[in-house]
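# Structure at a glance
Letter by letter, the chains look like this.
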Amino acid sequence: RDRQIARAALYWYRKHQRLLPWRQTRDLYAICVSEIMLQQTQVATVIPYFERFLIRFPDPAALAEASDEEVYRLWAGLGYYRRARQLHAAAKKIVEQHAGEFPHRLEDVLALPGMGRYTAHAILSFALDARLGIVEANTQRLYARLHHWEGPTESSEAKRANWKFAIAIVRVKP
């Protein structure tokens, strides 16, 4: 059954995928920037911000060297400035602890400021084809239906079950 779900998901994606700038790269840092910007912000809003941000800050070192004011100026209009602060802090940590190279290991990504399980898994999955499950608001409801979850999908128990399901379906070969 997991194999059928994985095949169906890949088929749907190939047929309906949107061409987005962050899908045209395997750069861990660029994908990280997109994932942070996309948190609670619509895709259409993020695209021009993402493009401007990467022109000015093409790598973690460039972002790490910037002042808070410059980062906020480029972030202005996206809201949730905590994301900008954490991304800036993550860039500094990447420079200090990883010689400016975005880390490839899950543990190292999770240790960066502002990186939760979803964001770390998404970055490594999209950039490196890592077989890591992803659970967020939309997939949470979908997974609950697929594995016949009874009860509130926001509960801790449901979230654990959804993560288990997400990991299972990415580990099978479609």
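Structure shown above.
This report concerns the structure included in the present document. (Residues numbered from 1 in each chain as written. Predicted model: local features only at pLDDT ≥ 70, side-chain atom pairs only at ≥ 80, totals over all residues. Heavy atoms only, no water.)

## Comments concerning the nonpolar core
Judged by nonpolar contacts, the single largest core of 39 residues is most densely connected at M37, F53, F57 and F102. Looking at this core, the elements with two or more residues in it are α2 (28–38), α3 (43–56), α4 (60–65), α5 (68–75), α6 (81–98) and α8 (117–128). Top contributing element to this core by residue count: α2, with nine residues. F53 has contacts with Y29, V33, M37, L63, V71, L74, W75 and L87, leaving out every residue within four places of it along the chain. In this structure, I5, Y143, F165 and I169 belong to the second largest nonpolar core, which totals seven residues. (Core = buried A, V, L, I, M, F, W, Y, C linked by side-chain atoms within 4.5 Å. Buried < 20%, exposed > 50% of the residue type's maximum accessible area, 1.4 Å probe, protein only. Helix = DSSP H or I, 4+ residues; strand = E, 2+ residues; numbered from the N terminus. Contact = heavy atoms within 4.5 Å.)

## Observations concerning the pattern of salt bridges
The tally for this structure, following the rule as stated, stands at four salt bridges. The closest approach of N and O atoms between R56 and E70, which form a salt bridge, is 2.4 Å. Here R56, found in helix α3, pairs with E70, found in helix α5; they are 14 residues apart in sequence, far enough to count as distant. What emerges from the salt-bridge pattern is a single network uniting R105, E107 and D108. (Salt bridge = Lys/Arg side-chain N within 4 Å of Asp/Glu carboxyl O.)

## Topic: the packing of α2 against α8
The interhelical angle for the contact between α2 and α8, taken along N-to-C directions, is 140 degrees, at an axis separation of 9 Å. Considering the angle they form, α2 stands oblique to α8. Considering the relative orientation of α2 and α8, their crossing is right-handed. Residues L28, I31, C32, E35 and I36 of α2 lie in contact with α8, whose contacting residues are Y118, T119, A122, I123, L124, F126, A127 and L128. For the contact of α2 with α8, a count of residues per class yields eleven nonpolar, one polar and one charged. (Axes fitted to C-alpha atoms, helices over the stretch in contact; angles between N-to-C directions. Parallel < 35°, antiparallel > 145°, perpendicular 65-115°, else oblique. Left-handed = near helix turned anticlockwise from the far one by under 90°. Nonpolar A, V, L, I, M, F, W, Y, C, P; charged D, E, K, R; others polar.)

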